[in-house]
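Each chain, letter by letter, is given below.
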Amino acid sequence: MLSAELRERNQVEQRELSRLTTIRIGGPAEVVTLEDRRDLPELVAAGARWLGKGANLLVGDDGVDEPVVRLGEAFSAIEIDSLCGGRAVVHAGGAAELAKLVRICAEAGLAGPEGLAGVPASIGGALKMNAGTAHCWILDFARRVEVLLPGEPEPRWLGRAAVPAAYRCNGLPAGTVFLGVELELATGDPEALRARATELKQLKAASQPLALRSAGCSFKNPSPELPAGKLIDELGLKGARVGEAVVSERHANFIVNEGAARALDVARLVTRIRRRAWRKRQVALQLEVQTWNCPIELHLHPRELEGDDD
Ligand SMILES: Cc1cc2nc3c(=O)[nH]c(=O)nc-3n(C[C@H](O)[C@H](O)[C@H](O)COP(=O)(O)OP(=O)(O)OC[C@H]3O[C@@H](n4cnc5c(N)ncnc54)[C@H](O)[C@@H]3O)c2cc1C
């Protein structure tokens, strides 16, 4: 039960999480839009879950019991510090949109973030997932990140060397809350950076079902040589469906909600893909998409999954 003080200082409302996730799936939860840092400890103690743009998230059909927190306006600023020696520091709050950061940096002639063009994310969600493309990861450019680490009473800034980032992984303890980032960027030609961002977005739109409801890539790539999408395609699973959850014809690592898919449909389709990848190629696909209150099968080793994958 959240305190009256917290409710007074922040917006708290009952929402269907299907309205706040890009795959448009997810049951109800109490959603807090956080504006006041004083309330962080209470939310952490209440076991809060943290939500950005919901672009890599599958939420169960029954929703979640814990409060779901979105960082509010107070965490949305993007500011460019003084330029010095051909480099600049950019501050971005955890609620800021990654797309806005990409645009502002390109317009200011600051190079790097244009490589993330087209990735739907809040800064907090992008840091948690170490969002990236074939060209870069967001943590490549970080000088410091502002985090609330599990068990610590106050947020603090961690230098990049203390963040052991890897592919789609920030390396900090589970439960770390990301409140903001400072990026250190080199200067570049604004026109060339804008053109590069546009080109990358077009390439992405040509190869991924960006206009449809999805939660991005379902699985991590097993290795750089074996992208998950290629593997799923080779397994003959493009177009496979459970209810209205369908493996995209455009990119087999995306599961698309054609309308009224439930989390259970997506979970069954995921299980079918993982089982077949294990049976035919001995690859244990790992989920990239984050799950809240979804069936446990999604996290078992595929050899533990019973049943047929056809
Ligand atoms: C069409 C499409 C294309 C995509 N393309 C790419 C791509 O090219 N590259 C890529 O990397 N990803 C891609 N994704 C996935 C998604 O964009 C990224 O994973 C992104 O980082 C998710 O950010 P978010 O704000 O939506 O996070 P959410 O989906 O809201 O949350 C994801 C995870 O981060 C946690 N989280 C959110 N905010 C915070 C916070 N402040 N502190 C701590 N934890 C937090 C959540 O609890 C959850 O575990 C794509 C998704 C879609 C729908």
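Rules used throughout
Within every chain, residues take consecutive numbers counted from 1 along the sequence as written. Residues qualify for local features only when their pLDDT is at least 70, as the model is predicted, and side-chain atom pairs are given and counted only at 80 or more; totals for whole chains, interfaces and linings, by contrast, use all residues. A run of H or I in DSSP becomes a helix once it reaches four residues, and a run of E becomes a strand once it reaches two; helices and strands are each numbered from the N terminus. Radius of gyration: over C-alpha atoms. The globule rule applied is 2.2 Å multiplied by the number of residues raised to the 0.38 power. Residue burial is a threshold on neighbouring C-beta atoms within 10 Å of the residue's own C-beta, all placed from the backbone, with 20 or more meaning buried, 12 or fewer meaning exposed, and counts in between meaning partly exposed. The contact rule is simple: place each C-beta atom from the backbone, and if two of them lie within 7 Å, those residues are in contact. By definition, a residue lies near a molecule or strand when the C-beta atom built from its backbone is within 6 Å of it. Amino acid classes used here: Ala, Val, Leu, Ile, Met, Phe, Trp, Tyr, Cys and Pro are nonpolar; Asp, Glu, Lys and Arg are charged; the rest, including Gly, are polar. Source of the domain bounds: an automatic or database domain assignment. Only strands that DSSP links by at least two bridges are regarded as paired with each other. Orientation is described by lines fitted to C-alpha atoms, with helices fitted over the stretch in contact, and by angles between N-to-C directions that extend from 0 to 180 degrees.

### Considering the overall build of the chain
The helix and strand tally for the chain stands at seven helices and 15 strands. Compactness check: the chain gives a C-alpha radius of gyration of 20 Å against a globular reference of 19 Å for 310 residues, within 12% of the reference. Counting only C-alpha atoms, the chain reaches 60 × 50 × 35 Å along its principal axes. Looking at the chain as a whole, 39% of its 310 residues qualify as buried. Restricting the contact set of the chain to residue pairs at least 6 apart, pairs at least 24 apart contribute 65%.

### Here we look at the site of the ligand
Around the ligand, the structure places 32 residues, and the nearest of them are Gly52, Asn56, Gly124, Gly125 and Gly216. Those elements giving two or more residues to the shell around the ligand turn out to be strand S3 (49-51), helix H4 (123-129), strand S10 (177-186) and strand S11 (213-217). Here the shell around the ligand is built from residues that sort into 15 nonpolar, 14 polar and three charged.

### A short note on the domain arrangement of the chain
Domain annotation for the chain reports domain 1 (4-73), domain 2 (76-205) and domain 3 (213-304). Taken together, the contact pairs twelve residues of domain 1 with 13 residues of domain 2. Considering each element in turn, the side of domain 1 that touches domain 2 owes the most residues, three residues, to helix H2 (residues 40-45). The class makeup of the residues in the side of domain 1 that touches domain 2 is six nonpolar, four polar and two charged.

### So, the environment of Pro173
Inspection of the secondary structure puts Pro173 in the loop between strand S9 (156-159) and S10. Assessed through the 10 C-beta atoms surrounding it within 10 Å, Pro173 is described here as exposed. Residues contacting Pro173, with those up to four places away along its chain left out, are Leu149 and Pro150.

### What about the pairing of S11?
For S11, a buried count of four out of five residues is recorded, marking the element as mostly surrounded by other parts of the structure. Relative to strand S14 (residues 254-257), S11 is paired through three bridges, and the arrangement is antiparallel. Bridge pairing links Arg213 to Asn257 in S14.

### Let's talk about the environment of Val246
Tracing the sequence through the fold places Val246 in strand S13 (residues 245-247). A C-alpha to C-alpha distance of 5.2 Å links Val246 and Val256, two positions ten residues apart in sequence. Those residues in contact with Val246, other than ones at most four positions away along the chain, are Gly239, Arg241, Ile255, Val256 and Glu258.

### A word on the sheet that holds S14
Spatial strand order, S11-S14-S13-S12: four strands in an open sheet with antiparallel pairing. Across the chains shown, the open sheet's two edge strands, defined by having one partner strand only, are S11 and strand S12 (241-242). Of the pairings in the sheet, the one linking S13 to S14 comprises three bridges and is antiparallel in character. Paired with Ala245 across the two strands is Asn257, which belongs to S14. Packing against the sheet, helix H7 (residues 263-281) makes contact with S12, S13 and S14, and its axis sits at approximately 30° to S13.

### Observations concerning the pairing of strand S8 (residues 142-148)
The side chains of a regular strand alternate between both faces of the sheet. Taking burial as the measure, the seven residues of S8 include six buried ones, the bulk of the element. The pairing of S8 with S9 spans four bridges and is antiparallel. Paired with Val147 across the two strands is Arg156, which belongs to S9.

### Structural notes on unusual backbone geometry
With phi around 55°, Gln282 is a residue other than glycine that occupies positive phi space. Within the secondary structure layout, Gln282 lies in the loop between H7 and strand S15 (290-292). Among the residues examined, Gln282 registers 9 C-beta atoms within 10 Å and is labelled exposed. Unusually for a residue other than glycine, Asn293 sits at a positive phi of about 55°. Along the chain, Asn293 falls in the segment after S15.

### Re the sheet that holds S8
Here five strands make up an open sheet; going across it, the order is S6-S7-S10-S8-S9 and the pairing antiparallel. Only two strands of the sheet have a single partner each, and these edge strands are strand S6 (78-84) and S9. Taking the axes of each pair of neighbouring strands and ignoring which way they run, one obtains an average angle of 20° across the sheet. Strands S6, strand S7 (87-93) and S10 of the sheet are contacted by helix H3 (residues 98-107), whose axis makes an angle of about 30° with S6.

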